[in-house]
Amino acid sequence: MTDQLSPAERFAASRTRAGLPILESFRARQRFDLDPYQIAACAVVEEGKSVLVAAPTGAGKTVIAEFAIYRAMQDARSKVFYTAPMKALSNQKFQELQAEYGEGAVGLLTGDTNINSHARIVVMTTEVLRNMLYADSDLLRDLSCVIMDEVHFLADRFRGAVWEEVIIHLPQHVRMVSLSATVSNAEEFGDWLQAVRGDTEVIVSEERPVPLDQHILMRTKLIDLFDSSGLVATHRVNPELVQMARYGGRTLSARQMKDVGRYHSRGGRPEAMRMDRPDVVKLLDSKNLLPAIFFVFSRVGCDQAVTKVLRSGIRLTTPAERDEIRAIVEDRCRTLLDEDLAVLGYWDWLTGLERGVAAHHAGLLPAFKEVVEELFQKKLVKVVFATETLALGINMPARTVVLEKLEKFNGEARVPITPGEYTQLTGRAGRRGIDVEGHSVIQWVDGLDPQAVASLASRRTYPLNSSFKPTYNMAVNLIEQFGRERTREILESSFAQFQADRAVVDLARKVRQQEESMAGYAKSMACHLGDFTEYSTIRRELTDLERKGISNTASRAEREKRQRQLTDLRRRLKQHPCHACPERESHARWAERWWKLKRETDQLNAQIRTRTGAVAKIFDRVTDVLVELDYLVPGEGAELALNASGRMLRRIYGERDLLVAESLRRGFWNELDPASLAAMATALVYEPRREEGQLGDRHLPRGAFREAFDRTGTLWSELDDLERLHKLPGSQPLSTGLALAMYRWASGTGLDAVLQEADMAAGDFVRWTKQTIDLLDQLSVVADGDVGRTARKALDAIRRGIVAYSSVA
């Protein structure tokens, strides 16, 4: 292998071996040698710097994280935190690291789960780390490195700000390994990391380790998306595909082309035939393109697809594989209660698994999703119908990815998937060390434009834009630690302000260019007889007034006033010295250009004013609300200080931090029993789907809950008005949709009845219950007296059955 290297490459390799012994030791332990970008990133880590790695899904970014952990473990005391955006990812990484380093060395913290938190390697959700930093937790001692997986979640509208909070507030000595999908502005993000963290290098790789062959499934034929003749450059759309798209999925002879021409001239249009899902599965199986993931973008669609495939009689497993599947499923689900199995659809689910087919979406019980992932990784399940959540980091590579449609429902309307989403989804195709290439298959639908698909497939990047905005909890935590003025400076260092400032720099550059052009125009319109700018101003006012006209309903006084203005402007125009200039119209043309550019420049300057200090302005509005509500009080000099209420707010995290704090302060929940407090917590965290409405009073828990809910709802309305008065966006009303179901679950009602009441899939119910647990856990710590004790009882009441079973997921 060394003989094939150039002298420079051999020198670099020997330098790596000599100067980076930990990396060489790590490489020797791997099944595959590292790619050049992985070696470069790991070298940065060993040199004690931070690194941002942007590479496609499936390109092996995790190796750099594994090396960072391996390096930290060479030191006797160093600790390393691994943060992930989702609990499922945290759980998967926790299990992988336990297998590598042993149970005693690895911990897990996900809000509702605390396992071995003092371990040297701790896997956690990003929110947990943010809370640790604000609380100055003892667990931060000896922390040397933080790995931020899927750091492009920073752009997430709802949770992205947490990533920025962590990056800004981590102690400066802690190194960061940030792993991102391919984003088009990785260098900009890297520049910001360099600014706030120091010593950060950016490593970008566009190469997939397994090449991707992209196909369109039209009628019963797989057609290459791009021309593979070898005679033209790649990314040219396959001419055969273009012809078939035009003629309903058929390749036509010259004679047929004439017939089609006559057919079209009579207004006819051929329809392309679309294969049923069972036939697509059989086709892929016959071409050795399984295992495959079908992205369906709808939970109901996923479940229906599995049912349809099973009804067709398809069986993709051998008897030995079926025995192994059953053994794994029974072992993983042994703690589920017998009476819950039928409610969860266990037997139909098991039948599908034994035949090699499964669904994967958020409505599934977390335990079921984990089993599907495990069986797919072991090549026992061959076909998975999934929503796009599967594309987010979970390790489930396939040989083939099938996209049934290139649009999805975003909660409001059906929208095309973006190039970034396409890259993320197709990133699952191709298993390193198993497949020579991965395959993506797009099912044809009438009206699909091959050129548009090619554009989607060849644009592999999307920009990373900050979603950072100050919250009430953030404000009180930062003011307590740093004071108001220092906090404003810290917030100015956010990626949001960095991007705004970059935009300001670009806008300011454009303003300077336009001002230079305006100076040239002013020179060209200069008149030797007088001030032509003054003359052109009168001329513009006159023209604008003449064009504006006057309404038929205008009063006599209004008409007379307008006439006086016109007469005055015409008189001033004729009396102006420039009016007699022989080159007046030439000067006027330059003046028009000057005025047009001035208007554009004024607009740019207005944009600059709104963007400068934008984050700090929002922070000021947030603090004004907190001062008005008496959470912040005057401190020394011009500073603000926290009172007891402000210190309580410091420990309340979530979208409704201020509403929770204010409800506790006013004692609205003092009379609630555990089941009612669980229902109240659910009303605060639950976000209904768009089509779900509010439930009437008869669907609410009885007793003290109703009065407490009404008072909390009225308080929400008051806070919402106050926020809007201070030019803050406000929030959504409380939702009652899950309150009665949670009340009954906390009261001991069986799973079947609760899921019927909730009209909800088991996986969704578990997810919302865990968010309820998270809020109740905060209340158990923050609330004084009875409410704190009631919250602890409510926690015990709802952490049972499938919720308790899913506690690690």
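Quick notes on the rules
Residues numbered from 1 in each chain as written. Predicted model: local features only at pLDDT ≥ 70, side-chain atom pairs only at ≥ 80, totals over all residues. Heavy atoms only, no water. Helix = DSSP H or I, 4+ residues; strand = E, 2+ residues; numbered from the N terminus. Contact = heavy atoms within 4.5 Å. Areas by Shrake-Rupley, 256 points an atom, 1.4 Å probe, with all protein chains shown as cover. Salt bridge = Lys/Arg side-chain N within 4 Å of Asp/Glu carboxyl O. Buried < 20%, exposed > 50% of the residue type's maximum accessible area, 1.4 Å probe, protein only. Expected span 1.5 Å × (residues − 1). Pairing = 2+ DSSP bridges. Axes fitted to C-alpha atoms, helices over the stretch in contact; angles between N-to-C directions. Phe/Tyr/Trp six-rings, centres within 6.5 Å; stacked < 30°, edge-to-face > 60°. Polar contact = N/O pair within 3.5 Å; in protein donor to acceptor, adjacent residues only side chain to side chain. Parallel < 35°, antiparallel > 145°, perpendicular 65-115°, else oblique. Nonpolar A, V, L, I, M, F, W, Y, C, P; charged D, E, K, R; others polar.

Asker: Before we go on, may I ask you to explain the overall build of the protein in this structure?
Answerer: Assigned secondary structure in the protein consists of 34 helices and 19 strands. For the protein, contacts bridging at least 24 residues in sequence account for 73% of all contacts bridging at least 6. When the accessible surface of the protein is totalled, it reaches about 38,200 Å², and 49% of it is carbon and sulfur.

Asker: What is the right way to read the pattern of salt bridges from this model?
Answerer: In a structure, side chains of opposite charge can pair up when their charged atoms sit close to one another. For the structure shown, the criterion picks out 39 salt bridges. Note that Asp-276 and Lys-308 form a salt bridge whose closest N and O atoms lie 3.8 Å from each other. Here Lys-308 lies in helix 12 (residues 299-311) and Asp-276 lies in the loop between helix 10 (254-265) and helix 11 (277-286), a separation of 32 residues in the sequence. A residue is classified by how much of its surface remains accessible, and Asp-276, at 40% relative accessible area, is partly exposed.

Asker: Got a minute to help me understand helix 24 (residues 584-611) in this structure?
Answerer: Residues that lie three or four places apart on an α-helix share one face, since the helix turns once every 3.6 residues. If you check helix 24, its first and last C-alpha atoms are 40 Å apart, about what 28 residues at 1.5 Å a residue would give, namely 40 Å. Those residues of helix 24 lying buried are His-587, Ala-588, Ala-591, Trp-594, Trp-595, Leu-597, Thr-601, Leu-604 and Ile-608. Two residues or fewer past helix 24, Gly-613 is found with a positive phi of approximately 65°.

Asker: I keep staring at the sheet that holds strand 14 (residues 400-403) and nothing clicks. Help me out?
Answerer: Strands in a sheet are paired, the pairing made by backbone hydrogen bonds, and the direction either parallel or antiparallel. Strand order in the open sheet formed by seven strands is 10-9-17-14-11-13-12, and the pairing between neighbours is mixed. Every interior strand has two partners, whereas the edge strands, strand 10 (221-224) and strand 12 (357-360), have only one. Put simply, the sheet's adjacent strands are angled 25° from each other on average, direction ignored. Two elements, strand 14 and strand 17 (residues 438-443), share four bridges in a ladder whose sense is parallel. Bridged to Leu-403 within strand 17 is Ile-442. Where helix 11 meets the sheet, its contacts fall on strand 9 (212-218), strand 10, strand 11 (292-295), strand 13 (383-386), strand 14 and strand 17, and the angle it forms with strand 11 comes to roughly 150°.

Asker: Just checking my understanding: could you explain unusual backbone geometry for this structure?
Answerer: Negative phi characterises most residues that are not glycine, and trans characterises most peptide bonds. At the junction of Leu-290 and Pro-291, the peptide bond is cis and its omega measures out at 5° in the coordinates. Locating Pro-291 in the fold gives a position in the loop between helix 11 and strand 11. Positioned with a positive phi, Glu-150 is a non-glycine residue whose angle comes to about 55°. The topology assignment puts Glu-150 in the loop between strand 6 (143-148) and helix 7 (161-169). Using a relative accessible area of 9% as the deciding quantity, one classes Glu-150 as buried.

Asker: Any chance you could explain the packing of aromatic side chains here in plain terms?
Answerer: Applying the stated rule across the entire model yields 18 aromatic pairs. On the basis of an interplanar angle of 50° and a centroid distance of 6.4 Å, the ring pair of Tyr-346 and Phe-368 is categorised as tilted. Highlighted residues: Tyr-346 in helix 15 (residues 346-354) and Phe-368 in helix 16 (residues 366-377), separated in sequence by 22 residues. By relative accessible area, which is 5% here, Tyr-346 ends up buried.

Asker: Would you take a moment to explain the side chain of Asp-720 for this structure?
Answerer: With respect to the element layout, Asp-720 can be found in helix 29 (residues 704-725). Polar contacts involving the side chain of Asp-720 include one to the side chain of Arg-724, which spans 2.9 Å. What Asp-720 contacts, discounting residues up to four positions off in sequence, is Gly-730 and Ser-731.

Asker: Sorry, what's going on with helix 25 (residues 614-628) here?
Answerer: Over its 15 residues, helix 25 runs 22 Å from end to end, which matches the ideal 21 Å to within 8%, given 1.5 Å per residue. Regarding helix 25, the residues found buried are Val-615, Ala-616, Phe-619, Asp-620, Val-622, Thr-623, Val-625 and Leu-626. Looking one or two residues beyond helix 25, the residue adopting positive phi is Asp-630, at roughly 70°.

Asker: Would you take a moment to explain the packing of helix 30 (residues 739-746) against helix 31 (residues 751-758) for this structure?
Answerer: The angle between the axes and the distance between the axes are what describe a pair of packed helices. Between helix 30 and helix 31, whose axes approach to 8 Å, the crossing angle comes to 170°. The angle between helix 30 and helix 31 falls in the class roughly antiparallel. Contact with helix 30, carried on its side by Leu-740, Ala-741, Arg-744 and Trp-745, involves Leu-751, Val-754, Glu-757 and Ala-758 of helix 31 and no other residues of that element. Looking at side-chain class alone, the contact of helix 30 with helix 31 contains six nonpolar, no polar and two charged residues.

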